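Chains, contacts and geometry: an overview
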Amino acid sequence: MSLALTFRGASGEVTGSCFEVEALGRRFLVDCGLVQGNRDAEERNRAALSPRDARVDFVVATHAHIDHTGLLPRLARLGYHGPVYATPATADLLGVMLPDSAFIQEKDAEWAREREARRGRRGADEDEPLYTVKDAHDALRLLETVAYGTVFSPAPGITVCFRDAGHILGSAIVEIWIERGGGTPPFKLVCSGDLGQPGRPVLPDPTPIAQADALIVESTYGNRLHKTLAETYDEFSSVLARVLPRGNVVVPAFAVGRTQEVLHVLADLAKQGRVPPLNVFVDSPLATAATAITMKYASALDRDSRDLAAWLPRHPQRMRVRFTETPDDSKAINAIRSGAVIVAASGMCEAGRVRHHLRHNLPREECAVVFTGFQAAGTLGRALVDGTTGVRLFREEVPVRASMHTIGGLSAHGDQAALLGWLGGFRHPPQRTFVVHGERETQLGFAALVGERLGWTAVEAPERGYRVLL
């Protein structure tokens, strides 16, 4: 048996997840994600796939985040008609996320064409959308759902199983077995996808995996430790108590996963009486849809989440949550000068309604911005976290006077200790381990740390485009 693995994205960076596997005369992809945040992101996303990729045999999606699935409509646009395997919750989330991503692509292309027209120039190919809403719906028709723990065979000699990764609703660790023949046990490849932080609210801990011949593992937070949940509650409640009497708190949050966790923490703080009465606005149609999908899978949530969901409607005086429905509802929030907690997408401030709320609240020193997740290099969120004194929003220079707070205990990614703990669940070191999904310095550092702490000797930090025979 020959098996080749190519790292097509998320190597030396966090986004753009895509790994190509060639075995038994078959070729398939694990994830097909959008590059986000980088200066050359648009150019790379256009060049990421070719007509050759339309002939892959199948695709396996670890979870619904756009940096893992956002190029599926592009793949469909190129003519791919094969299956895309995902968990049921991932498929439901993609039903709202891919059309939303496509709408953004179309709007960005429209603005680019208008900009070129104002300059008296004809639009170039680059001003056409990366993909359209129709492409997104074409991709959705390719989804085939498989529940956690169900072994399935997408091709002869290849079997696959999803295990709960505890990252977002529906997220999966992927186990792949490839037959070797001659009575030899199959070769086992494990892809961690994105792993959640143990002990955090809403979702269960990542599933331990005992054995792999080759392993691809993420390292987003492989260089740091998150604050404990107790410290997170203390810091969040302190910010809310200090800011809300005079200003607003803006929380940029990914619509899927992070928004639901932020709501959980806010409700828990309100229930404990640690914050003033909360007036919460969830300003993201996508987050509204994702929250409804989350409640559809309530049985998969932890007990605390179910209890808080039951408590909240009985105590509107302690916390009121409003989901905006129209652009006018969103604009009305900007008239509020104090007392509002505004949870809005996107999590890295690169698009969406959060940019409008930042424009209105960043210049006010009585306001605050609370970041609850990773901010990739090159994003507006990263610039704010790094202490910029001014940003450009909607062709305006906006001074930054609001206070910035990073609350790492709500990260959907496991920290260094969590990643090492999950790796420690393997009975024996894999023959080859590939550390991915980290900025280059973090990726290299975590690869070295795995060797030092766990004694694993074959740990690599591949660069994008690296191809290896296993």
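A short tour of the structure in this document, coming up. (Residues numbered from 1 in each chain as written. Predicted model: local features only at pLDDT ≥ 70, side-chain atom pairs only at ≥ 80, totals over all residues. Heavy atoms only, no water.)

Topic: the layout of surface pockets
Test applied: Only protein atoms enter the 1 Å grid used here. Points where a 1.4 Å probe fits but cannot escape make up a cavity, open sets with protein on both sides within 12 Å along at least five of seven lines make up a pocket, and a residue lines them when an atom lies within 4 Å of a point. Grid points are joined across faces, edges and corners, and a volume is the space filled by probe spheres set on the points. Helix numbers and strand numbers start at the N terminus; a helix is a DSSP run of H or I with at least 4 residues, a strand a run of E with at least 2. Classes in brief: Ala, Val, Leu, Ile, Met, Phe, Trp, Tyr, Cys and Pro nonpolar; Asp, Glu, Lys and Arg charged; the others, Gly included, polar.
When its volume is computed, the second largest pocket comes out at roughly 420 Å³. Looking at the second largest pocket, it is lined by 17 residues, and the ones nearest its centre are Leu263, Thr291, Met295, Ala309 and Leu312. Elements represented by at least two residues in the lining of the second largest pocket include exactly α7 (258-271), α8 (285-296), α9 (303-311) and β14 (319-323). For the lining of the second largest pocket, the residue count by class is 12 nonpolar, five polar and no charged.

What about the pattern of salt bridges?
The line we're drawing: By definition here, a salt bridge exists when the distance from a side-chain nitrogen of Lys or Arg to a carboxyl oxygen of Asp or Glu is within 4 Å. Categorising residues by exposure relies on relative accessible area from a 1.4 Å probe, with only protein chains included: less than 20% of the type maximum marks a residue as buried, more than 50% marks it as exposed, and the intermediate range marks it as partly exposed.
Counted by the stated rule, this structure contains 28 salt bridges. Of the charged contacts in the structure, one is a salt bridge between Glu13 and Arg464, with a shortest N-O distance of 4.0 Å. One end of the pair, Glu13, is in the loop between β1 (3-9) and β2 (18-23); the other, Arg464, is in the loop between β21 (459-460) and β22 (467-469), with 451 residues separating them in the sequence. Residue classification places Glu13 among the buried positions, given a relative accessible area of 8%.

Notes on the sheet that holds strand β11 (residues 214-218)
The cut-off we apply is this: Paired strands are those between which DSSP finds at least two bridges. Contacts are assigned to residue pairs that have any heavy atoms within 4.5 Å of one another. Axis angles are defined between N-to-C directions and span 0 to 180 degrees, where every axis is a line fitted to C-alpha atoms and, for a helix, only to the segment in contact.
Sheet architecture is open: seven strands sit in the order β7-β8-β9-β10-β11-β20-β21, paired in mixed fashion. At either end of the open sheet lies a strand with only one pairing partner, and these are β7 (152-155) and β21. Here two bridges tie strand β20 (residues 432-436) to β21, and the two strands are oriented parallel to one another. Paired with Phe434 across the strands is Glu460, a residue of β21. Those strands touched by helix α14 (residues 440-454) are β11, β20 and β21, and its axis lies near 150 degrees from that of β20.

Things to note about the nonpolar core
We apply this condition: Only buried residues count toward a nonpolar core. Its members are Ala, Val, Leu, Ile, Met, Phe, Trp, Tyr and Cys residues joined through side-chain atoms within 4.5 Å.
Counting residues in hydrophobic clusters, the biggest one holds 104 residues, and the most contacted among them are Phe236, Leu240 and Leu278. Among residues more than four places away in sequence, those in contact with Leu240 are Pro245, Val249, Leu266, Leu269, Val275, Pro276, Leu278 and Val341. The next biggest cluster of nonpolar side chains, apart from the first, holds 21 residues, and it includes Ala165, Ile209, Val217 and Phe426.

Overview of the environment of Ala64
Inspection of the secondary structure puts Ala64 in the loop between β4 (58-60) and α2 (66-69). Sequence spacing of Ala64 and Trp456 is 392 residues, and the spatial spacing of their C-alpha atoms is 31 Å.

Looking at the state of the cysteines
The cut-off we apply is this: Note on terminology: pairs of cysteine sulfur atoms within 2.5 Å are recorded as disulfides.
Applying the stated criterion across every chain, the model contains zero disulfides. Here Cys18 is not cross-linked by a disulfide; its sulfur's nearest cysteine counterpart is in Cys32, at 5.1 Å. The closest cysteine sulfur to the non-disulfide-bonded Cys367 is located on Cys349, 15 Å from its own sulfur.

A short note on the sheet that holds strand β3 (residues 26-30)
Sheet strands pair by backbone hydrogen bonding; their relative direction is either parallel or antiparallel. Across the sheet, which stays open at both edges, the seven strands sit in the order β6-β5-β4-β3-β2-β1-β22 with mixed pairing between neighbours. At either end of the open sheet lies a strand with only one pairing partner, and these are β6 (143-145) and β22. Taking each pair of neighbouring strands and ignoring which way they run, the sheet shows an average axis angle of 25 degrees. Its contacts with the sheet put helix α4 (residues 88-118) on β5 (84-86) and β6, and the angle it makes with β6 is roughly 150 degrees.

Considering the packing of aromatic side chains
Spelled out, the test is: Ring pairs shown here join Phe, Tyr and Trp side chains whose ring centres sit within 6.5 Å, with only the six-membered ring taken for Trp; geometry is labelled stacked below 30 degrees between planes, edge-to-face above 60, and tilted in between.
Under the defined criterion, the tally for this structure stands at nine aromatic pairs. Look at Phe7 and Phe19: their rings are 5.8 Å apart centre to centre, the planes differ by 75 degrees, and that puts the pair in the edge-to-face class. Residue Phe7 is found in strand β1, and its partner Phe19 is found in strand β2; the two are separated by 12 residues along the sequence. Residue Phe19 is classed as buried on the basis of its relative accessible area of 4%. A centroid spacing of 4.4 Å and a plane angle of 10 degrees characterise the contact between Phe28 and Phe58, whose relative ring orientation is stacked. Of this pair, Phe28 sits in strand β3 while Phe58 is found in strand β4, placing the two residues 30 residues apart along the sequence.

What about the pairing of β1?
Of all the seven residues making up β1, six are buried; the element is thus mostly covered by neighbouring parts of the structure. Pairing analysis gives three bridges linking β1 to β22, with the strands arranged antiparallel. Residue pairing for β22: Thr6 is matched across the bridge by Arg467.

Remember, this is a structural readout, not a statement about activity or role.
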